[in-house]
Amino acid sequence: MKYLFILIVAFLICGCTKENPMFDKITYKTTSCFGTCPTYYLEINSDKTFKLFAEQIYKDDFSIYGYELDSSKMGYFKGKLDDVTFKNLNQKLQKLLNPKYKYYRNGMITDTPTITIVVQRGGDKTCYQTRNPTDDFQTHVINFFNKICSGKVEKGEKFMTDYKFDCF
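Summarised in this report is the structure supplied together with it.

## Describing the nonpolar core
Then comes step 1: Grouped together as the largest cluster of nonpolar side chains are 30 residues, with contacts concentrated most on Leu42, Ile44, Leu89, Ile117, Phe137 and Phe145.
Then comes step 2: Those elements giving two or more residues to this core turn out to be β1 (25-30), β2 (39-45), β3 (49-56), α2 (83-96), β5 (115-121) and α3 (135-149).
Then comes step 3: With seven residues, α3 is the largest single contributor of residues to this core.
Then comes step 4: Once residues lying within four places of it in the same chain are set aside, the contact partners of Phe145 are Ile26, Tyr28, Leu42, Ile44, Leu89 and Ile117.

## A short note on the pattern of salt bridges
Then comes step 1: Taken as a whole, this structure holds seven salt bridges when the rule is applied.
Then comes step 2: Here Glu154 ties to Lys78 by a salt bridge, and the two come within 3.8 Å at their closest N and O atoms. Placement of Glu154 in strand β7 (residues 154-155) and of Lys78 in strand β4 (residues 75-80) is noted, with a sequence separation of 76 residues between them.
Then comes step 3: Residue Asp135 is joined to Arg105 by a salt bridge in which the shortest nitrogen-to-oxygen separation is 2.4 Å. On the criterion of sequence distance, the pair formed by Asp135 in helix α3 and Arg105 in the loop between α2 and β5 is long-range, its members being 30 residues apart.

## Quick notes on the pairing of β5
On a regular strand, each side chain points to the face opposite its neighbour's, so the side chains alternate between the two faces of the sheet.
Then comes step 1: Of all seven residues making up β5, six are buried, and the element is well covered by its neighbours.
Then comes step 2: Pairing of β1 with β5 involves six bridges; the strand directions are antiparallel. The residue of β5 that forms the bridge with Thr30 is Ile115.
Then comes step 3: Judged from the seven bridges that link them, β5 and strand β6 (residues 124-130) form a sheet pairing that is antiparallel. Bridged to Val119 within β6 is Thr126.
Then comes step 4: Counted between consecutive antiparallel strands, the loop separating β5 from β6 contains two residues, among which Gly122 sits at a positive phi close to 65°.

## Section: the side chain of Thr130
Then comes step 1: Inspection of the secondary structure assignment puts Thr130 in strand β6.
Then comes step 2: Of the residues examined, Thr130 reaches a relative accessible area of 7% and is grouped as buried.
Then comes step 3: One polar contact links the side chain of Thr130 to the main-chain amide nitrogen of Asn132, over a distance of 2.9 Å.
Then comes step 4: Residues within four places of Thr130 in sequence aside, it is in contact with Tyr103, Tyr104, Pro113, Thr114, Ile115 and Phe137.

## Comments concerning the sheet that holds β2
Then comes step 1: A sheet is described by the order of its strands in space; here seven strands give the open sequence β6-β5-β1-β2-β3-β4-β7, paired in antiparallel fashion. At either end of the open sheet lies a strand with only one pairing partner, and these are β6 and β7.
Then comes step 2: Sheet strands in contact with α3 are β1, β2, β3, β5 and β6, and its direction is about 85° off that of β2.

Reading the values: the criteria
- Residues numbered from 1 in each chain as written.
- Predicted model: local features only at pLDDT ≥ 70, side-chain atom pairs only at ≥ 80, totals over all residues.
- Heavy atoms only, no water.
- Core = buried A, V, L, I, M, F, W, Y, C linked by side-chain atoms within 4.5 Å.
- Buried < 20%, exposed > 50% of the residue type's maximum accessible area, 1.4 Å probe, protein only.
- Helix = DSSP H or I, 4+ residues; strand = E, 2+ residues; numbered from the N terminus.
- Contact = heavy atoms within 4.5 Å.
- Salt bridge = Lys/Arg side-chain N within 4 Å of Asp/Glu carboxyl O.
- Pairing = 2+ DSSP bridges.
- Polar contact = N/O pair within 3.5 Å; in protein donor to acceptor, adjacent residues only side chain to side chain.
- Axes fitted to C-alpha atoms, helices over the stretch in contact; angles between N-to-C directions.

This is the structure we're talking about:
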């Protein structure tokens, strides 16, 4: 009887494939810079749905007249993350939530966007804000969020942001 109980518990643990999200909501915000930095406001919910406000997006091909905005990629959008992207997001958050992980460099750079990520779980929120990210944070976290923002999404309705960026 004891072994049967252990076998059933082991089967239930190994048989569970649904990964619990490490957050209730994630907010990702970028500010503009002196160049062509995109300006995003992204909210991702634990049910994989997201809302995006792409405020300022530039075309990839620069003309002799300077930088051109790409109005087709600007506006309000909505979408849902696929399972692989959602799992990847949880893995990145696990790394980010480690107290020993350093996401910023000391010092200040004036021509970079301010990157803000707020992770909310329950009544708690953890804020990460930097203008001088480490290479690892830029490569694995910021680029990941920017890829979500620039992906194929459908037009959405205008929405109000319910979070003030009062990180510090």
